[in-house]
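Residue-level structural notes
The residues making up each chain are set out below.
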Amino acid sequence: MKLWLVLMIFLACGSFSPVLAARPDNQPGTPVKGKVVNRVAASEVPVNRGVVKGAAPTGAVKTRGLIIYIPVDDRPVSLQYPVETVRAAGWEVQVPPLADLGSLYRQGSSAKLLAWLEAKAPAADAVVISADTLIYGSLIDSRIHQLSEGELDQRVQRLLNFKQKTRAKNVYVYSTVMRSPAYDSKIEEPAYYAQCGRKIFLLGQLKDKKAQGLLSSQEQEHMLQLELEIPAEFLQDTLKRRAKNQLVQKKLLLGMKKRAFDYLAVGKDDTNPFSWA
């Protein structure tokens, strides 16, 4: 299996529905009251989220090469399935310690993961990196974090400098536009989404339609009503986080133009035709 095709397997499993993919030689297509954000407790996890266990087979078996992989989290679809698929195709795949990866109820350690990656990358034939993991900690962390713009910029710059610092080859990065779920649930969102997640989605849907000149008079009234019904601190929190996510995406795209990576894929995550995303 060709290396580029192997790398696409990782990107497909990590970035879901891609909206933008670019190489350096191709231009890409462009106050909270109290603690309102938390991570779901382990006791609230509704499903079994198994993970790949053990290291890759070792011994005299010859492989096609070595790929270092930083997944978006520890879910089977993000970690186990792509790793097993690529190993079956004859490639050695190394992943970071599971304890450092994010999960439904555990924050990922972006600092430890970056240190591990920088140590492993020089010997690899290719590197596949989840930007959400190295910048926020994991995909869920990207939706619930309280990081400042300064903290985020430092993490983005370390990722942008990674290839030059380590002399890594074939650096493939994938990032995710923050989703806008259409339901009430705090399992993978800020805690207040259990109360008004659906309303936040509907408001974003109507705002998007208004921006495109497609809002009816009845929808205009509904939008104004939703703005009154959603607590201001909740709406402010989610919009500030979304703005930070958009700023991160822009910096990654600018880095791509400067050849910080060999490939960048930006994916949409659980997104409707009209939404904040």
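Conventions we followed
For every chain, the first residue of the written sequence is number 1, and numbering continues from 1 onward in sequence order. Restriction of local features to residues with pLDDT of at least 70 applies here, the model being predicted, together with a cutoff of 80 or more for giving and counting side-chain atom pairs; totals for whole chains, interfaces and linings are based on all residues. Excluded from the side-chain calculations are hydrogens and water; all other atoms, namely the structure's heavy atoms, are used. When two rings of Phe, Tyr or Trp (its six-membered ring) have centres within 6.5 Å they constitute a pair, described as stacked for plane angles under 30 degrees, edge-to-face for angles over 60, and tilted for the intermediate range. Segments assigned H or I by DSSP are reported as helices when at least four residues long, segments assigned E as strands when at least two residues long, and all are numbered from the N terminus. Each residue gets one of three labels from its accessible area relative to the maximum for its type: buried under 20%, exposed over 50%, partly exposed in between, using a 1.4 Å probe on protein chains only. Any carboxyl oxygen of Asp or Glu within 4 Å of a side-chain nitrogen of Lys or Arg constitutes a salt bridge here.

Given two aromatic rings, one states the distance between the centres and the angle between the planes to describe the pair. In total, this model carries three aromatic pairs according to the counting rule given. Ring geometry for Tyr-172 and Tyr-263: centres 5.1 Å apart, planes at 15 degrees, overall stacked. In this pair, Tyr-172 is assigned in strand β5 (residues 171-177) and Tyr-263 in strand β6 (residues 263-268), connecting sequence segments 91 residues apart. The burial state of Tyr-172 is the same as that of Tyr-263; both residues are buried. An angle of 40 degrees between the planes, with centres 5.6 Å apart, marks the rings of Tyr-192 and Tyr-193 as tilted.

A few words on the pattern of salt bridges. Applying the stated criterion across every chain yields a total of 13 salt bridges. Here Arg-75 makes a salt bridge to Asp-73, at a shortest N to O gap of 2.9 Å. For the pair formed by Arg-75 and Asp-73, the shared burial category is buried. The partner of Lys-207 in a salt bridge is Glu-227, and the shortest N-O contact between them spans 2.7 Å. Of the two residues, Lys-207 is situated in helix α7 (residues 193-211) and Glu-227 in helix α8 (residues 217-229); the sequence distance between them amounts to 20 residues.

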